[in-house]
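Spelled out, the chains give:
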Amino acid sequence: MEDMEIDGTEAQPYVLIETGNLPITVGNRPIYTNGRYISKSTPTPLKSTKTGVVYDRRMRYHANIHEEEHHPEDPSRISSIQSMFKAAGCLEKMIPINAREVTKDEVRLVHTDEHWDFVAKTSALSEAQLGKVADDYNSIYVNKETALSARLSCGGVIELCKAVARGDVTNGFANVRPPGHHAEINEPMGFCFFNNVAVAAQCLKRDLKIEKVFILDWDIHHGNGTQKAFYNDPNVVYCSIHRYDNANFYPGDPQAGHTHVGNGPAKGKTINIPWPRPGMHDSDYIYAFNKVVMPIAYEFDPDIVIVSAGFDAAEGDPIGENHVTPAAFGHMTHMLKSLAAGKLVLALEGGYNLDSISNSALACVKVLLGEHPAKLGPIKPSQECVETIYQVIRVQSRYWSCLKPIYIDSAEEKVPGKLVIDIMDMVKLFRTRYLFSKLKMVPAPLAPERLANRFTDLVCCSNDLHCKDVIIFFVHDMADYRADTCATSNLTNLATSYMSDSVYQYIETIINQSYGIVDVDVPPPTNDTQKTDLHDLKDLLIFLWDHFVDYANPKKVVIIGAGRGCRSLMHCINDRDTMIMRSTACVIMVPGNNDPVPTIAKKGDIVNWYFENSLVLLPENHPFWTKKGVKKDSGKCIPVKGLNNMSIHDKLHILRQDIIDYFLQRLTDFIPPRQ
Ligand SMILES: [Zn+2]
């Protein structure tokens, strides 16, 4: 498309050309006056976009001949994409870039000599030997043509990257296979043999003196090979958005987590955005781009952008199970086009639904050719997305000014001579003092030492527990703290920050009724304690039941759980079921927004008892309501309007009257069985 523009309205020097009385128009707009043609003095044509495309049918020769069942990494992936380009009229507008075989010299920029030899030798192997090679490695298949296809795939990406870097074409799409981003330095893996994108990036640096490369990997899988190739390289950013599922999704490597950021001078140059679950949508990807990918990319200021463009996050992909639409792929391409003076290469990686990958690739290529991406609809990221991005920013803000100032680490400030106290410890001191001075409650002495170390000052009880007829056993999250922080220093403005705790109003009511109380403030998990946390809490609650609640021998007990403690409280109920059924008038649970509703683990009387005597209050959007076949062992679950996404303390505030009315009524109705 040639974009020669002549504009008679701009206040720039013009040349006047005599045209006689011939009217000259562009479109409907006359561009002459009084018979004189007006043009810019130095008419410079706007640069038009040229889009390259790599395709070579010999890349289809690599095929699965050993397994009976259909393999998702099928040769038809690239031909169906190519047909789509053709049918949409894009192919004729693109400039073909010939794939050629990568050389050993190039492959060695990323892989070992042994790896090159290993791939080369596969073409001379017998059928049986090929089958054995496939079995020896992680998720690959091999035939006699694999080596050729892999060399073409890698060489094709190199040629396109070089054409873009030199300016022969503006941008381009490498429609290649086998893919590359799982290929390790010395090993094929995950359908990949040579790491196409990594080798191409290294070639650009060596051969064309390109300094800074930004690699964006939107394939649903983490590009373990690419991350490793540049983990120590400060001039290559590797940024991956992938499904992680707590290291349970392929390749299942904890190195794909957000805390892995690169090494030495390259710290911050690896950016992992790990989704915690399947089912992520357009909004989640666009949010990740807006909050992390683009700010970092602008700050890094790359000379070229290469996308590991797998389409297995696309709607309809059987492996990825995400829902990214072609429109969103178009938008991501559009955003990346704004970097590096438009020098952008998309290289195919995974993607296993032929319709999905073809439509997605087409949407990207249309944007490469200059079309606008399709309209997306409102961007509303999921809770999991917002949480993931927040965690990524917390870690990466240490290395990128655009993400500051979230990063803090008290361990770094704890140096000799400086008084550094965790706010949680200050809060515990305040709380015990407040509960004593206002309500005459005292910290419960705890044993064994393990529990004492973790929970001292978090458990308070009435000082005359043993002479109470009714005891409320209340286990809840610590209060909400809302901090107002300075944008540049991250210091908290104490004058405008506050704590809000809804538990006090419950405790006051309980004490006014002359009931006893055992109150447990459950601390948030830290990285060190996360694993042992729930286990310790369960032991604590059983200890408290035995040595405080049951030991005081009250006539009636009410158990209330709110937040993280619900699960451990349920362990305690399961463990002490007979005693609990004997004295407990009711159990009230307010689980966290995404926490599973705790269930009775045992069979028999306890299940019916729990169902009859429990109240489980859930927001209307709690995942529990999407479950089929709800059973009695979850207790009597009630959806409550207006609780969606609220903090535990905000919920407790709203539910206060209902909860108090409920247990007061239950206490009136409850007649303990004869002892
Ligand atoms: Zn993939």
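Criteria and cut-off values
- Residues numbered from 1 in each chain as written.
- Predicted model: local features only at pLDDT ≥ 70, side-chain atom pairs only at ≥ 80, totals over all residues.
- Heavy atoms only, no water.
- Donors = N, O, S within 2.8 Å, 3.2 Å for Na, K, Ca; no water.
- Tetrahedral: all angles 85-135°; square planar, octahedral: opposite > 155°, others 65-115°.
- Pairing = 2+ DSSP bridges.
- Helix = DSSP H or I, 4+ residues; strand = E, 2+ residues; numbered from the N terminus.
- Axes fitted to C-alpha atoms, helices over the stretch in contact; angles between N-to-C directions.
- Contact = heavy atoms within 4.5 Å.
- UniProt positions renumbered as here; feature names shortened; annotations may be inferred.
- pLDDT = per-residue confidence, 0-100.

Asks: Please provide a residue-by-residue account of the coordination of the zinc ion, values included.
Replies: Within the protein, the zinc ion binds to Asp-219 (OD), Asp-219 (OD), His-221 (ND1) and Asp-312 (OD); these donor distances fall in the range 1.9 to 2.7 Å. The coordination sphere of the zinc ion comprises four donor atoms, whose angles at the metal cover 53 to 155°; the geometry is irregular.

Asks: Break down the sheet that holds strand β14 (residues 441-443) for me, citing the residues and quoting the values.
Replies: Reading across the sheet, the eight strands line up as β14-β15-β19-β16-β20-β21-β22-β23 and stay open at both edges, with mixed pairing between neighbours. Strands at the two margins of the open sheet, each flanked by one partner only, are β14 and β23 (637-640). Across the sheet, the axes of successive neighbouring strands diverge by a mean angle of 15°, strand direction being ignored. Helix α20 (residues 648-669) rests against β16 (470-477), β20 (556-562), β21 (584-590), β22 (614-619) and β23 of the sheet, and its axis sits at about 165° to β21.

Asks: Residue-level account of the UniProt feature "domain: Histone deacetylase" (unreviewed entry) in the protein, with values.
Replies: Here the UniProt feature "domain: Histone deacetylase" (unreviewed entry) sits at residues 71-368. Between the C-alpha atoms that bound residues 71-368 there is a distance of 30 Å. The span itself is 40% helix and 12% strand.

Asks: If you had to explain the confidence of the model for the protein to someone new, which residues and values would you point to?
Replies: Averaged over the protein, the pLDDT score is 90; the fraction of residues at 70 or greater is 92%. Contacts for the low-pLDDT stretch residues 1-19, under 50 throughout, to residues beyond four places or in other chains number 40 contacts. Contacts for the low-pLDDT stretch residues 23-28, under 50 throughout, to residues beyond four places or in other chains number nine contacts.

Asks: Lay out the sheet that holds strand β6 (residues 51-54) with the relevant residues and their values.
Replies: Sheet strands associate in pairs through backbone hydrogen bonding, adopting either a parallel or an antiparallel arrangement. Here eight strands make up an open sheet; going across it, the order is β7-β6-β8-β13-β12-β9-β10-β11 and the pairing parallel. Every interior strand has two partners, whereas the edge strands, β7 (95-97) and β11 (270-275), have only one. Neighbour-to-neighbour, the strand axes of this sheet turn through a mean angle of 15°, independent of strand direction. Where strand β9 (residues 213-217) meets strand β12 (residues 304-309), five bridges bridge the pair, whose relative direction is parallel. What sits directly across from Asp-217, in β12, is Ser-308. Seen against the sheet, helix α5 (residues 146-166) touches β6, β7, β8 (171-174), β12 and β13 (344-348) and runs at an angle of roughly 175° to β8.

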